[in-house]
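Report on the structure
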Amino acid sequence: AARSNIFRQKEFNLQQLGIGGLSDEFADIFRRAFASRVFPPHVTSKLGIKHVKGMLLYGPPGTGKTLMARQIGKMLNGKEPKIVNGPEVLSKFVGETEKNVRDLFADAENDQRSLGDQSELHVIIFDEIDAICKSRGSTRDGTGVHDSIVNQLLTKIDGVESLNNVLLIGMTNRKDLLDEALLRPGRLEVQVEINLPDENGRLQIFQIHTNKMKENSFLGPDVNLQELAARTKNYSGAEIEGVVKSAVSFALNRQLSLDDLTKPVDEENIRVTMDDFLNA
Ligand code: ATP
């Protein structure tokens, strides 16, 4: 049911989902990776195409890659996807990392074996994938252990070729470090750059992160989000969120009396003003 819903719903209100900007990127991902996903394998096979098995979201830190991947996961199988992290999968024990990589795909493999085409879709989100997929020969540990981990992951992804129930989403800030073989067709074949937001994107991100305080009348009437968006060129979404948090702490600070921290806070008077944002 979840899959056929996305098929019908072509217009996405990303802002409502807490994602500012990025609608072009989302549309791109939808067209290249989802569209075929919502059709069952017997239809795609008649078209002579294969499901996209993997995609890579890359770009500077704090731009919403995780937000986006999470949302894709939720849309495709209706529940919160599991996110694993490169450095976490990497173990200092020889052989253990390979096992961790194998384990990642185990549930999907079991489901495919027992349920076949009825298996639900397993979305595997792999943050900081560069930590375990640096190009082979690039690390100088001399043991070849690292190279064998990369090979292991590539073999697993190739195995996914025969599984219809996996979508692997890798994320990285350093696409240049990745082993090229990882990016070939059949692997992380759809690559989408998630860049710093433009002014309109920044405005949406400010709106998302001030929405709650606005609803509760804590946002001062003088706050001009459009101006803040114009003044935060080159800020990432995470940095804009940081500005909002910092502005709030200026506003809260005004309400505190250092003589008596036990004094009840006058909630009514909390106002986050334009000056708070500018100071932040
Ligand atoms: P990293 O590469 O460092 O893992 P990332 O690109 O995955 O970063 P996120 O983890 O998605 O970035 O962003 C961190 C936080 O910054 C988010 O939880 C969100 O609060 C805020 N943020 C970043 N980008 C956006 C955006 N486009 N819209 C709304 N909030 C954003």
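Nothing here was measured: the structure is a model prediction, and the numbers come from that model.

With that out of the way, let us pick up the environment of T273. One can find T273 in the loop between α10 (237-255) and α11 (274-279). Residues T273 and Q15, spaced 258 residues apart in sequence, show a C-alpha to C-alpha distance of 23 Å. Residue contacts for T273: discarding those within four places in its chain leaves D222, V223 and R254.

Turning our eyes to something else, we now look at the pattern of salt bridges. Charged atoms that come close allow side chains of opposite charge to pair. Using the criterion set out here, one finds 10 salt bridges in the structure. Here D176 and R174 are joined by a salt bridge, their closest N and O atoms 2.7 Å apart. Judged by relative accessible area, D176 falls into the exposed class, the value being 57%. A salt bridge links D276 to R254; the shortest N-O distance between them is 2.9 Å. With a gap of 22 residues between them, D276 in helix α11 and R254 in helix α10 connect regions that are remote in the sequence.

The subject of this paragraph is the packing of helix α2 (residues 23-34) against helix α4 (residues 65-77). In contact at an axis separation of 12 Å, α2 and α4 are set at 45° when each is read in the N-to-C sense. One way to sum up the angle between α2 and α4 is to call them oblique. Where α2 crosses over α4, the handedness of that crossing is right-handed. Along its contact with α2, which presents E25, F26, I29 and F34, the element α4 presents M68, I72, M75 and L76.

A few words now on the sheet that holds strand β4 (residues 166-172). The strand order across the open sheet formed by 5 strands is β2-β3-β4-β1-β5, and the pairing between neighbours is parallel. Strand pairing shows two members of the sheet lacking a second neighbour, β2 (82-85) and β5 (188-193), which therefore form its edges. Averaged over neighbouring strand pairs, the angle between their axes works out to 20° when direction is ignored. Both β2 and strand β3 (residues 122-127) contribute to a ladder of 4 bridges, which runs parallel.

Parameters at a glance
- Residues numbered from 1 in each chain as written.
- Predicted model: local features only at pLDDT ≥ 70, side-chain atom pairs only at ≥ 80, totals over all residues.
- Heavy atoms only, no water.
- Helix = DSSP H or I, 4+ residues; strand = E, 2+ residues; numbered from the N terminus.
- Contact = heavy atoms within 4.5 Å.
- Salt bridge = Lys/Arg side-chain N within 4 Å of Asp/Glu carboxyl O.
- Buried < 20%, exposed > 50% of the residue type's maximum accessible area, 1.4 Å probe, protein only.
- Axes fitted to C-alpha atoms, helices over the stretch in contact; angles between N-to-C directions.
- Parallel < 35°, antiparallel > 145°, perpendicular 65-115°, else oblique.
- Left-handed = near helix turned anticlockwise from the far one by under 90°.
- Pairing = 2+ DSSP bridges.

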